[in-house]
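# Commentary on secondary and tertiary structure
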Amino acid sequence: TLAFENKEAVPHNVEIKDGSGATAFRGDIVTGPTVVDYQVPALPAGGYSFICTVHPNMTGTLTVGG
């Protein structure tokens, strides 16, 4: 479970991409302020990037341990 807090009154979401750039998970777009629990399937250990698909300049990294 990924708890996502959108503190702004604009739409946002989280899309997780694997090392090849393929989408591993894409959460629904939510308009805040709100908190949503995304049910992310188990991800293999490794590095991932994440973005907001509404605002692709909003990015980050995720490391999944094994």
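Refer to the structure presented above.
Residues numbered from 1 in each chain as written. Predicted model: local features only at pLDDT ≥ 70, side-chain atom pairs only at ≥ 80, totals over all residues. Heavy atoms only, no water.

## Notes on the environment of Asn13
For Asn13, the location among the structural elements is in the loop between strand E2 (11–12) and strand E3 (15–17). Residue Asn13 is classed as buried on the basis of its relative accessible area, which comes to 3%. Dropping the residues within four chain positions of it, Asn13 is found in contact with Phe4, Arg26, Gly27, Asp28, Ile29, Tyr38, Ile51, Cys52, Thr53 and Val54. Polar contacts involving the side chain of Asn13 include one to the main-chain carbonyl oxygen of Gly27, which spans 2.8 Å. (Helix = DSSP H or I, 4+ residues; strand = E, 2+ residues; numbered from the N terminus. Buried < 20%, exposed > 50% of the residue type's maximum accessible area, 1.4 Å probe, protein only. Contact = heavy atoms within 4.5 Å. Polar contact = N/O pair within 3.5 Å; in protein donor to acceptor, adjacent residues only side chain to side chain.)

## With respect to the packing of aromatic side chains
Enumeration over the complete set of coordinates arrives at 2 aromatic pairs. A ring pair is formed by Phe4 and Tyr38, whose centres lie 5.8 Å apart and whose planes are at 15 degrees; its orientation type is stacked. Taken together, the positions of Phe4 in strand E1 (residues 2–6) and Tyr38 in strand E6 (residues 34–38) put the pair 34 residues apart, joining distant regions of the chain. Through a chain of ring-to-ring contacts, three or more aromatic side chains come together here, namely Phe4, Phe25 and Tyr38. (Phe/Tyr/Trp six-rings, centres within 6.5 Å; stacked < 30°, edge-to-face > 60°.)

That's the geometry; what it means functionally is another story.
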